[in-house]
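Below are the chains, spelled out letter by letter.
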Amino acid sequence: MSLLATFKGKGPSGFGYGSTAEDVTSGLDLSGRTILLTGCNSGIGKETLRVLAKRGAHVIAAARTVEKAQSACDEVGGETTPVACELSEPASVQACAAQVIESGLPLGAIICNAGIMALPTLNQKHGYELQFFTNHIGHFILVTSLLDSLADQGRVVMVSSDAHNGAPREGIQFDNLTGEREYGAWANYGQSKLANVLFANGLAKRLEGTGKTANSLHPGVIHTNLSRSMNPIARGAIAIAGPLVLKSIGEGAATQCYLAVHPSVEGVAGKYFSDSNVGRSSRHGRDEEMAAKLWDVSEQIVAEVTA
Ligand SMILES: NC(=O)c1ccc[n+]([C@@H]2O[C@H](COP(=O)([O-])OP(=O)(O)OC[C@H]3O[C@@H](n4cnc5c(N)ncnc54)[C@H](OP(=O)(O)O)[C@@H]3O)[C@@H](O)[C@H]2O)c1
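Computed from a predicted structure; not experimentally measured. (Residues numbered from 1 in each chain as written. Predicted model: local features only at pLDDT ≥ 70, side-chain atom pairs only at ≥ 80, totals over all residues. Heavy atoms only, no water.)

Draft legend 1. Quick peek at the overall build of the protein. Counting secondary structure elements, the protein contains ten helices and ten strands. In terms of overall size, the protein behaves like a compact globule, its C-alpha atoms giving a radius of gyration of 18 Å where 307 residues would be expected to give roughly 19 Å. The principal-axis extents of the C-alpha atoms in the protein amount to approximately 50 × 45 × 40 Å. Sequence separation of at least 24 residues holds for 74% of the intrachain contacts in the protein that already meet a minimum separation of 6. Total accessible area computed for the protein in this model is approximately 12,800 Å², and 52% of it derives from carbon and sulfur atoms. Within the protein, the 29 negative side-chain charges are centred at a point lying 6 Å from the centre of the 25 positive side-chain charges. (Helix = DSSP H or I, 4+ residues; strand = E, 2+ residues; numbered from the N terminus. Rg over C-alpha atoms; globule rule 2.2 N^0.38 Å. Contact = heavy atoms within 4.5 Å. Areas by Shrake-Rupley, 256 points an atom, 1.4 Å probe, with all protein chains shown as cover. Lys, Arg positive; Asp, Glu negative; His and termini not counted. Charge placed at Lys NZ, Arg CZ, Asp CG, Glu CD.)

Draft legend 2. How the structure looks around the site of the ligand. Of all residues adjacent to the ligand, which total 30 residues, the nearest are Asn41, Ser42, Lys68, Tyr189 and Thr224. With respect to the ligand, the backbone of Ile222 contributes an N or O atom lying 2.8 Å from an oxygen atom. In isolation the ligand exposes 890 Å². Once the protein is present, 96% of that is buried. According to the grid-proximity analysis, the pocket containing the ligand is the largest pocket. Contributing elements (two or more residues each) for the shell around the ligand: α2 (43-54) and α6 (185-206). Residue composition of the shell around the ligand, grouped by class: eleven nonpolar, 14 polar and five charged. (Near = heavy atom within 4 Å. Polar contact = N/O pair within 3.5 Å; in protein donor to acceptor, adjacent residues only side chain to side chain. 1 Å grid on protein atoms, 1.4 Å probe; cavity = no way out; pocket = protein on both sides within 12 Å on 5 of 7 lines; lining within 4 Å. Sits in = over half its atoms within 2 Å of the grid points. Nonpolar A, V, L, I, M, F, W, Y, C, P; charged D, E, K, R; others polar.)

Draft legend 3. Summary view of the packing of α2 against helix α3 (residues 66-76). Contact pair α2 / α3: the axes reach a minimum separation of 9 Å and the direction vectors enclose 45 degrees. By the angle between their directions, the pair α2 and α3 is classed as oblique. In the packing of α2 onto α3, the handedness of the crossing is right-handed. Between α2 and α3, the residues in contact are Lys46, Leu49 and Arg50 and Ala72, Cys73, Glu75 and Val76, respectively. When the residues that make up the contact of α2 with α3 are grouped by side-chain class, the tally is four nonpolar, no polar and three charged. (Axes fitted to C-alpha atoms, helices over the stretch in contact; angles between N-to-C directions. Parallel < 35°, antiparallel > 145°, perpendicular 65-115°, else oblique. Left-handed = near helix turned anticlockwise from the far one by under 90°.)

Draft legend 4. Broad picture of unusual backbone geometry. Despite not being glycine, His126 has its phi angle at roughly 50 degrees, a positive value. Counting through the fold element by element, His126 comes out in the loop between β5 (124-125) and β6 (128-129). Here the phi dihedral of Asp275 falls at roughly 50 degrees; this positive angle occurs in a residue that is not glycine. Assignment of secondary structure puts Asp275 in the loop between β9 (272-274) and β10 (277-278).

Draft legend 5. Inspection of the layout of surface pockets at higher detail. Here the largest pocket is characterised by a volume of approximately 1,000 Å³. Listing elements by their share of the lining of the largest pocket, those giving two or more residues are α2, β2 (58-63), α5 (130-145) and α6. Considered class by class, the residues forming the lining of the largest pocket number 21 nonpolar, 19 polar and seven charged. Looking at the second largest pocket, its volume works out to about 360 Å³. What lines the second largest pocket is a set of 20 residues, among which Asn201, Gly202, Ala204, Lys205 and Glu288 lie closest to the centre. Broken down by element, the residue count for the lining of the second largest pocket peaks at five residues, all from α6. Of the residues belonging to the lining of the second largest pocket, the class tally is six nonpolar, seven polar and seven charged. (Points joined across faces, edges and corners; volume = space filled by probe spheres on them.)

This is how it looks when you write it as structure tokens:
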């Protein structure tokens, strides 16, 4: 348990900052349930894979390469299927979706966990800023390709971040998705994480009345490989202070596991969660017009890059 967890209480859900993925899934038998997870080979994704498989779920575990996914699956045991899904390559994402559809298995949840953070300089793929393309467009392709594979009460879980509050002042910069007009490591990460919130909300709206849901979340701040692009001094400080002020990996993986499988979340949609409780996203995160525009623009981008 992290030190901070000692001082933080629990919320209305009965869970809180210090609850771990094991805590929020305690007593649940997930056998017979299939869950697709991206970013299964590292950080909180790997812990999510371990805990969901331990509770009996069949986890379709996606990583950039099938070798990375296989090695994560080998480490955790349980019922797992490794798949390749390189989110910055639409063909890879589509191949992953096709493999899932081919399996014929209904998905109890899709956990969009993979992500990159704070790239110091502008990187692009297919002409778009890489964090936006990887964190949002890759997951947009994956999820929209798999909507028919979602089980009746299937849940889409978008792993966002409180860093979405640091998105540009106007929110999504629709006129600068290439990043060429201006670029900031944290502002563009924030924009991509705002896109995760808006996508979950837009999807929740489209799924109304179906029993299927979509939500987004902030997992907490956890020392993982995510900080690899930060400067060495900041990384060193995180490594030293981490155990005192950051969440443990188990605590960090809790909210996404809670949203994916806990019975009390059934039917809850379009919310932003933190510490396994309903939280509050930014003003832009609650902007329905921006969510609708992002959906349209994302569809146009997907049509362009998959033509
Ligand atoms: N750690 C935190 O404090 C924190 C805070 C707020 C939100 N989050 C969010 O939590 C999620 C998980 O992060 P983490 O902390 O566990 O980081 P991590 O240890 O770096 O794991 C990130 C995962 O995403 C994968 N990934 C990155 N780029 C990809 C791509 N192009 N295609 C497919 N997979 C890709 C990575 O694969 P490789 O190992 O092959 O690169 C890795 O499996 C992210 O969405 C992040 O934004 C984390």
